[in-house]
Amino acid sequence: MDVENDEDLFRCAVCGVQEGDSSNLTTQSSLQTNATVGCGHQFCTACVERELSRRRIFPCPICETEVKRVTLSTRTLDDVQCEKDTSWRRRVMKVYNKAEEDFPSLREYNNYLEEVEDIIFKIVNEEPDAEEMKAKLRTYEEANKSQIVIRQSQRADEERSIADR
């Protein structure tokens, strides 16, 4: 998305109505986000219905990204980003699953946690080296497969013992 005024992010890209704007009684109070393709621009329901009744696909008036009914969502980009972060965080933490007691010092453990956060951030935010981070994740997993399984088993045992109390 190009740099835009913050207020414009919460306006319909077609007619300019703001979410919750009572001056336009024909629109619903929520905006739909073109989230799946990633442009993230929002449209009021009235504009979406009007444009899609004319044709099956219409271009976003701001960035020309194709807008289809299946790419629209009432979720915000923050919702989509949070889901993506959570998904990648689970995947990475399943592999990078060392605990503080696995390190000789707190500093080394904190460095390890910082490295894990860097990997997650770069993948989730699609940084230029995101593919490199995914490859690093796969390589680490292959090289440490047995220790990863052992730690997963230990954590499962700990969780069961806590649940039994």
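What is the right way to look at the packing of aromatic side chains in this model?
Aromatic ring pairs are reported here in terms of the distance separating the ring centres and the angle at which the planes meet. Scanning all chains against the criterion turns up five aromatic pairs. Summarising the aromatic geometry, the rings of Y96 and Y112 are spaced 6.0 Å apart at their centres and angled 45° between planes, so their arrangement reads as tilted. Taken together, the residues span a long stretch of sequence, with Y96 in the loop between α2 (77–95) and α3 (106–124) and Y112 in helix α3 at a distance of 16 residues. Of the two residues examined, Y96 and Y112, each falls in the buried class. With a centroid separation of 5.0 Å and 45° between ring planes, the pair formed by F103 and Y112 is classed as tilted. Pair check on accessibility: F103 and Y112 agree, each one buried. Clustering of aromatic rings is evident, with ring pairs tying together Y96, F103, Y109, Y112 and Y140.

It is not clear to me how the side chain of R151 should be interpreted in this structure. Could you clarify?
Note that R151 resides in helix α5 (residues 145–164). Beyond its immediate chain neighbours, meaning those up to four positions away, R151 contacts N97, K98, D102 and Y140.

Explanation requested: the environment of Q32 in the structure shown.
Within the secondary structure, Q32 is located in strand β1 (residues 31–34). A residue is classified by how much of its surface remains accessible, and Q32, at 16% relative accessible area, is buried. In the structure, Q32 is positioned 41 residues away from S73 in sequence and 5.4 Å away in space, judged by C-alpha atoms. The residues contacting Q32, other than those within four sequence positions of it, are H41, Q42, F43, T45, V48, L72, S73 and T74.

Quick question: what am I supposed to make of α3 here?
Count 3.6 residues to each turn of an α-helix, and residues three or four apart come out pointing the same way. Helix length check: α3 (19 residues) gives 27 Å between terminal C-alpha atoms against 27 Å at 1.5 Å per residue, within 8%. When we look at burial in α3, the residues that qualify are Y109, Y112, V116, I119, I120, I123 and V124. The buried side chains of α3 occupy one side of the element, clustering within an arc of 120° when seen end-on. The first or second residue beyond α3 is E126, which carries a positive phi of 50°.

What counts and what doesn't
- Residues numbered from 1 in each chain as written.
- Predicted model: local features only at pLDDT ≥ 70, side-chain atom pairs only at ≥ 80, totals over all residues.
- Heavy atoms only, no water.
- Phe/Tyr/Trp six-rings, centres within 6.5 Å; stacked < 30°, edge-to-face > 60°.
- Helix = DSSP H or I, 4+ residues; strand = E, 2+ residues; numbered from the N terminus.
- Buried < 20%, exposed > 50% of the residue type's maximum accessible area, 1.4 Å probe, protein only.
- Contact = heavy atoms within 4.5 Å.
- Expected span 1.5 Å × (residues − 1).
- Arc of directions from axis to C-beta.

Without other data, these values stay purely geometric and don't point to any function.
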